Amino acid sequence: MRWLRLHYAYPRDFPDALIDVMANEPKIAKYLDMPIQHASDKLLRSMRRGRDKKFLKELLGKLRARIPGLVMRTTFIVGLPGETEADFEELKEFVKEQRFERVGVFEYSQEEDTLAGTMEGQHDPKTKAKRRRELMAIQRRINREQNKALIGKRVQVPTGDRVIPIIADTAVSIEGGSGASAADTCAIRPIPLTPSFLRPIASSPPPISMPASLPTCRPSFLPPFLPTSHLPFVRQSILLLPP
């Protein structure tokens with residue numbers, strides 16, 4: 001086994017010893033999926049998350065400082081009962097400050113026989129959708145900047161039981177789709193390169209039969225192939241795909 005990836009680690013009880021394991025064990029991918037949900041202390045209390053924003057910021061800072069190159073994924077819920085404009089602005093500023101590599105944004109859904117479903121301050125669907133779009137727009141801008149910083153860098157991408165090195169020649173657009181769970185999906189659109197931009201890779205893997213285009217995928221998973229048909233050359237580039 002080459003890589004292990006940790007998913008859905010609640011911040012409330014994240015052990016300090018695990019940070020050292022992630023930093024020092026080469027088989028643990030430098031990737032962490034941590035559902036933060038919101039940045040407003042009032043809403044964190046109403047969701048019974050058990051921690052406040054100060055704790056979350058300290059934990060995130062500790063993770064970044066002690067695990068170089070860490071890729072962070074998280075999720076947020078907008079339109080919660082009682083979420084004011086001030087609460088939402090606080091969340092937007094938190095996302096701008098933390099600069100996560102992956103973000104999923106979900107609209108709160110009122111369900112029967114739940115405590116939250118009976119709370120006052122329920123929001124209409126338009127308000128929830130608007131807030132989701134605004135937060136995802138902030139994250140897209142962050143991801144574009146992160147993509148540009150990877151241009152020209154060599155990364156490793158798992159392709160089934162192989163790991164193939166590729167070189168990023170240009171940025172790739174990773175955008176959220178539409179629908180209730182769209183924030184947790186991504187449309188990865190590699191930008192084709194002309195033959196004059198093809199770069200040889202150091203070691204050529206055996207030829208693999210691959211489709212010509214990438215499907216819609218979830219950020220927590222990788223496509224099981226590379227979109228290349230000119231081995232040992234890379235015809236298209238993939239960015240921001242953690243191991």
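Quantities reported herein were computed from a predicted structural model and do not represent experimental measurements.

Q: Quick rundown of the overall build of the protein? Include the residues and the values.
A: From N to C terminus, the protein includes 5 helices and 8 strands. Secondary structure elements in the protein, listed N-terminal to C-terminal, are β-α-β-α-α-β-α-β-α-β-β-β-β. Contacts in the protein between residues far apart in sequence, at least 24 positions, make up 72% of those at least 6 positions apart. In the form shown here, the protein has an accessible surface area of approximately 12600 Å², with 55% of it arising from carbon and sulfur atoms.

Q: Describe in detail the sheet that holds strand E4 (residues 102-107), supporting the description with residues and values.
A: Overall, parallel pairing links the 4 strands, which are arranged E1-E2-E3-E4 in an open sheet. Two strands lie at the open edges of the sheet, namely strand E1 (4-6) and E4, each paired on one side alone. For this sheet, the mean angle separating the axes of adjacent strands, direction not counted, is 15°. For strand E2 (residues 28-33) and strand E3 (residues 71-78), the ladder comprises 3 bridges, and the chain directions are parallel. Among the inter-strand pairings, Leu32 is bridged to a residue of E3, identified as Met72. Here helix H1 (residues 16-24) sits on the sheet and contacts E1 and E2; the angle it forms with E2, its principal contact strand, is near 135°.

Q: Lay out the environment of Leu59 with the relevant residues and their values.
A: By the secondary structure assignment, Leu59 is in helix H3 (residues 53-66). Under the relative-accessibility criterion, Leu59 is labelled buried at 5%. Spatially, the C-alpha atom of Leu59 lies 9.5 Å from that of Arg12, the residues being 47 residues apart in sequence.

Q: Report on the pattern of salt bridges, specifying residues and quantitative values.
A: Applying the stated criterion across every chain, the model contains 18 salt bridges. As a salt-bridge pair, Glu145 and Arg99 come within 2.8 Å of each other at their nearest N and O atoms. Remark: Arg99 occurs in the loop between helix H4 (85-98) and E4 and Glu145 occurs in helix H5 (residues 125-149); sequence separation between them is 46 residues. When its relative accessible area of 46% is taken as the criterion, Glu145 is described as partly exposed.

Q: Pulling in residues and values, what's your account of the packing of aromatic side chains?
A: The full count for this structure, using the stated rule, is 4 aromatic pairs. Note on Tyr8 and Tyr10: the rings are 5.4 Å apart at their centroids and 85° apart in plane angle, and the pair reads as edge-to-face. Taking the relative accessible area as the measure of exposure, Tyr8 reaches 42% and is therefore partly exposed. Under the relative-accessibility criterion, Tyr10 is labelled partly exposed at 42%. Site record: aromatic cluster; members linked through ring pairs are Phe76, Phe94 and Phe100.

What counts as what
Residues numbered from 1 in each chain as written. Predicted model: local features only at pLDDT ≥ 70, side-chain atom pairs only at ≥ 80, totals over all residues. Heavy atoms only, no water. Helix = DSSP H or I, 4+ residues; strand = E, 2+ residues; numbered from the N terminus. Contact = heavy atoms within 4.5 Å. Areas by Shrake-Rupley, 256 points an atom, 1.4 Å probe, with all protein chains shown as cover. Pairing = 2+ DSSP bridges. Axes fitted to C-alpha atoms, helices over the stretch in contact; angles between N-to-C directions. Buried < 20%, exposed > 50% of the residue type's maximum accessible area, 1.4 Å probe, protein only. Salt bridge = Lys/Arg side-chain N within 4 Å of Asp/Glu carboxyl O. Phe/Tyr/Trp six-rings, centres within 6.5 Å; stacked < 30°, edge-to-face > 60°.

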